[in-house]
Every structure is written in C-alpha cells, then in structure tokens.
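Coordinate analysis (summary)
One-letter residues, chain by chain:
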Amino acid sequence: MEVRNIVVLGRRNAGKSSLVNLLTGQNVSIVSEVAGTTTDPVRKRMEIKGVGPCNIIDTAGVDDSGDVGALRSSRSLREAVGADLALILFTGNSFLDYERNLASLLRKSGVPFILVHNQEDLEHLEDEVRVSLSDEFNCPVVRFTCLKNISGMYLAELVDAISDALNKTGASERELVPERLAGEGDRVLLVCPIDAGAPQGRLILPQVQVLRNLLDNKAVVTVIQPSQLKDVFPDGKYKVVITDSQAFSEVAAAVPEGIPVGSFSILFARRKGPFKLFLESVSAIDNLKDGDKVLILESCTHRASCDDIGRIKIPALLKSYTGKNLEFEFVSGLDPVPESKYALAIQCGGCMATSRQILARVETIAEENIPVTNYGLAIAFTKGLFGNKNFTDFFGLVDE
Ligand SMILES: Nc1nc2c(ncn2[C@@H]2O[C@H](COP(=O)(O)OP(=O)(O)OP(=O)(O)O)[C@@H](O)[C@H]2O)c(=O)[nH]1
Ligand SMILES: [Mg+2]
C-alpha cells in the first residue's frame, strides 16, 4: 500500500514539532521555546485510521533567517512540494506573507493543504478569519492546541480533516499492472536474474510488487531466471513477458514474435512518473556529445539493489552506445538537483518514492528544458529494443 507523506509547515515556534508529537503519540521531535529548534526534516511513520500508513514530516520554520536558515527553509519547501498533504500552521489569527507563500507554492505543486490555527489556548481563531481563509483557499481551516490536557478533542477533529483530505485526493499512483496487460487467467512470465547483485534470500521490491499486483489481477504467473528461457521457449504461450531490464537482450532474443515484452522498471515508470515525457525524452540519448553531463536520479534511501544499475551499468551502457566521453552526476533520495547544465537526466524506477515526489523532482528538471527519461527506457534504448516489435507492443498495452 502506498505510504502517504504529510508535511507540517509554518513559521518557527508555531508548534509544528509539538503537533507532530501529539499526532504520532510519541516524542519524535524536540520541542522548545527557542525559535529554530527543528533544523532538518524529521519523519515518523504512523497508521492513520481510514487512510493507512503515513509519514508525518516535521520541518524547520519557513521563516528561518541567515544563510543556514535559508538552507533549512528550502529543505522544508522541498518536502512540501513532494508531499501528499500539507498542514500549514499559523497562530494569533495571523495568516501573512509566509503562510500565503506556502499556500501558493502548494497550490502550484498540486499538494492539498489544511490550515491549522495552533495555540488556540492563547488566542482563539476568530470566526470571521476562519471563514475568509476557508473561502479564499477553498480548504479546511481547523483550530488546534498542543496543550496536553485539552488537545484531545482538537486532535480528533484534525485527524478527521486529514483523513478526509487524503481520501478526497485518493492515491496519486496508477495501478502497477493494468488489467488489460495481464488480467484474470492471463499467463505471465516474469524473468528475474539472481546474480551477484541480488539480495540474499529474497526478490527485490519491484519484483515482489509486480508479482503481488499480478496475483491481485488473478493472472497465472511463472517466474524464471534468464538461463531458464530455453526451458519455456519457443513453445511457451504467454500473454506477456516482464523482465528485469538487465536481461532485456536475452529475453528479446528468446521470445517469439507476438508476445509483448516489457520490464519492471517500465511498469514503475508508468505508475510513478510522467511516462509520456520519459518516452519522448529517451531518444535524446542519440544527441549526446563529448563532454555532455548526464544526471542520474536515484530515489532510494536504501540503495543496495539499484545502486549498481544507476552508478555503473547505465553509465557504461551509455558510453558504449554513444561512443562519447560523457560525465555522470548522481543525486540520491530527495537531495536537491545541483544547478548545472545537463544534456539528459535519467530517473530510477522510484520503487521507494511516491509519484508526487518523483513528479515534483522531474518537473523542476523538465522546466529547464532538460530531457528526462527513466532507467528502464534508457537501458532498452541503448540495447536497440525500440526496434523490436514485441517491445513496442508492450507500450501499446501500458500507455493510455
Ligand atoms: N500555549 C501553547 N504553547 C504551545 C502550543 N504549541 C506549542 N507551544 C509551545 O511553543 C513553543 C514552540 O513549540 P515547537 O513545537 O518547538 O514549535 P516549532 O514550530 O516546532 O518550532 P521550530 O522547530 O523552532 O520551528 C514550545 O515552547 C511549545 O511548548 C500550544 O498550542 N499552546
Ligand atoms: Mg520544531
């Protein structure tokens, strides 16, 4: 199930950390009367009734000043644009520039938000202000206090507002395996190499998720390693073959015409990212010149299984395919993209990130007119698979 990210924003001392602690029922963030106590985003996983697993993300105040303060507040904003829901805290009936800028940034990024008037025990939110904010921003405005002995009722109301807002927007992701690709009774072949890079004793997450989705669709699934392709083809009758990108060439050579062939990473690219943009951008590989910089975007925080694809395999494939002397830069997690001229950016499948996070990052790069594609598409392109009919048939089934 998709984990939803809820980010808590506001000025210093608004009570963000106090609210996060109350919401999660744990002391995850330090609270103090010193403005600027929280410096880096702090996240805590919790289950919200009626929503499911959520990360509650505490942030540094957006009004933090000085050079370091500006860095802190820009980290807060980065969390904001990738979130599924934001809480904007304000106090003392003052909804001023900082709060307004937050609201317009969130609106621009398509992130729904709730305005939370904290410290109600010190100053009550006037009805007039509440109504005018709710009209202006067309969003819920709730009253809150972090004072322990009276917070219970406010907390229940806030949790209801959070769950309503998240249920209204729905999960932002598309299904991984559309039914028209593999539905009830359809036979599907999964090709999962177990090489030195594979984790001990288990499959990697993208494979597990695709397998689960296929079972949900009631497809009939066979899982093999590339060396077993000869045991199932040419006779095997499958509706579709889904392979790890690394085994593309072997699979393409073994599968008879008429059976669409795709990869795990293409399913993830379609689910999480702007798939059309990825698809349109992949041919930019043919325009790469000597000295061009290529940006590799990794979204995992644990990089064990994908590391080697992004850092070693893709650079090697691109260099040998283009014959050019290319430079590579790598960005992982939600780290900011360095400002530099890139000829191409390549995003990983993003199995650990939400689609909002991927979209937020990819859009900022695409705005600079940098073509952005994805691991699986780039690998397929360099292996010449765009000339393979089974492969292009697969796009016909997943594209919409
Ligand atoms: N009376 C009252 N005090 C509050 C309330 N919420 C927070 N405080 C106090 O306000 C101070 C700041 O609270 P924090 O939760 O650290 O605020 P923050 O927004 O996380 O602040 P920074 O991390 O510095 O940005 C602390 O002394 C809290 O005890 C509230 O609802 N009522
Ligand atoms: Mg704090």
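Now for a look at the structure at hand. (Residues numbered from 1 in each chain as written. Chains lettered and ligands numbered in written order. Predicted model: local features only at pLDDT ≥ 70, side-chain atom pairs only at ≥ 80, totals over all residues. Heavy atoms only, no water.)

Each protein donor to the magnesium ion (ligand 2) is listed here as S17 (OG) and T38 (OG1); together their distances run 1.9 to 2.1 Å. Of the two residues, S17 sits in helix 1 (residues 16–24) while T38 sits in the loop between helix 1 and strand 2 (42–48), which places them 21 residues apart along the sequence. Assessed through its relative accessible area of 8%, S17 is described here as buried. The exposure class assigned to T38 is buried, which follows from its relative accessible area of 12%. (Donors = N, O, S within 2.8 Å, 3.2 Å for Na, K, Ca; no water. Helix = DSSP H or I, 4+ residues; strand = E, 2+ residues; numbered from the N terminus. Buried < 20%, exposed > 50% of the residue type's maximum accessible area, 1.4 Å probe, protein only.)

A few words now on the packing of aromatic side chains. How two aromatic rings sit relative to each other is given by the distance of their centres and the angle of their planes. Inspection of the entire model under this criterion finds 11 aromatic pairs. On the basis of an interplanar angle of 90 degrees and a centroid distance of 5.1 Å, the ring pair of F90 and F95 is categorised as edge-to-face. Judged by its relative accessible area of 6%, F95 is buried. Among the aromatic residues, ring-to-ring pairing joins F248, F275, Y321, F381, F386, F391 and F395 into one connected group. (Phe/Tyr/Trp six-rings, centres within 6.5 Å; stacked < 30°, edge-to-face > 60°.)

The next thing to look at is the sheet that holds strand 5 (residues 113–118). If you walk across this open sheet you meet the six strands as 2-3-1-4-5-6, and the pairing is mixed. Lying at the two open borders of the sheet, with one neighbouring strand each, are strand 2 and strand 6 (141–143). Each neighbouring strand pair of the sheet contributes to a mean axis angle of 25 degrees, computed without reference to strand direction. Examined bridge by bridge, strand 1 (residues 4–10) and strand 4 (residues 85–91) share five bridges and lie parallel to one another. Bridged to L9 within strand 4 is I88. Each of strand 1, strand 2 and strand 3 (52–58) touches helix 2 (residues 66–81); the most contacted strand, strand 1, lies at about 140 degrees to it. (Pairing = 2+ DSSP bridges. Axes fitted to C-alpha atoms, helices over the stretch in contact; angles between N-to-C directions. Contact = heavy atoms within 4.5 Å.)

Note on placement: S151 falls in helix 5 (residues 151–169). Residue S151 is classed as buried on the basis of its relative accessible area of 4%. If we skip the residues at most four places from it in the chain, S151 touches L22, T145 and C146.

For the rest of this paragraph, the subject is a nonpolar patch on the surface. A contiguous nonpolar patch, built from L205, V208 and M352 and spanning about 220 Å² of accessible area, is present on the exposed surface. Note that M352 resides in the loop between strand 13 (344–347) and helix 12 (355–366). (Patch = residues over 30% accessible without salt bridge, like charges linked within 9 Å, V, L, I, M, F, W, Y side chains within 5 Å. Areas by Shrake-Rupley, 256 points an atom, 1.4 Å probe, with all protein chains shown as cover. Salt bridge = Lys/Arg side-chain N within 4 Å of Asp/Glu carboxyl O.)

Moving on, we come to the site of ligand 1. The full set close to ligand 1 counts 23 residues, and K16, S18, G36, D121 and C146 are the nearest of them. Between ligand 1 and the protein, one listed contact pairs an oxygen atom with a side-chain N or O atom of T145 at 3.3 Å. Separating an oxygen atom of ligand 1 from a backbone N or O atom of C146 is a distance of 2.7 Å. The fraction of the free accessible surface of ligand 1 (650 Å²) that becomes covered by protein chains is 86%. A per-element tally of the shell around ligand 1 places helix 1 first, with three residues. Here the residues of the shell around ligand 1 sort into six nonpolar, 12 polar and five charged. (Near = heavy atom within 4 Å. Polar contact = N/O pair within 3.5 Å; in protein donor to acceptor, adjacent residues only side chain to side chain. Nonpolar A, V, L, I, M, F, W, Y, C, P; charged D, E, K, R; others polar.)

Nothing here speaks to function; it is all geometry.
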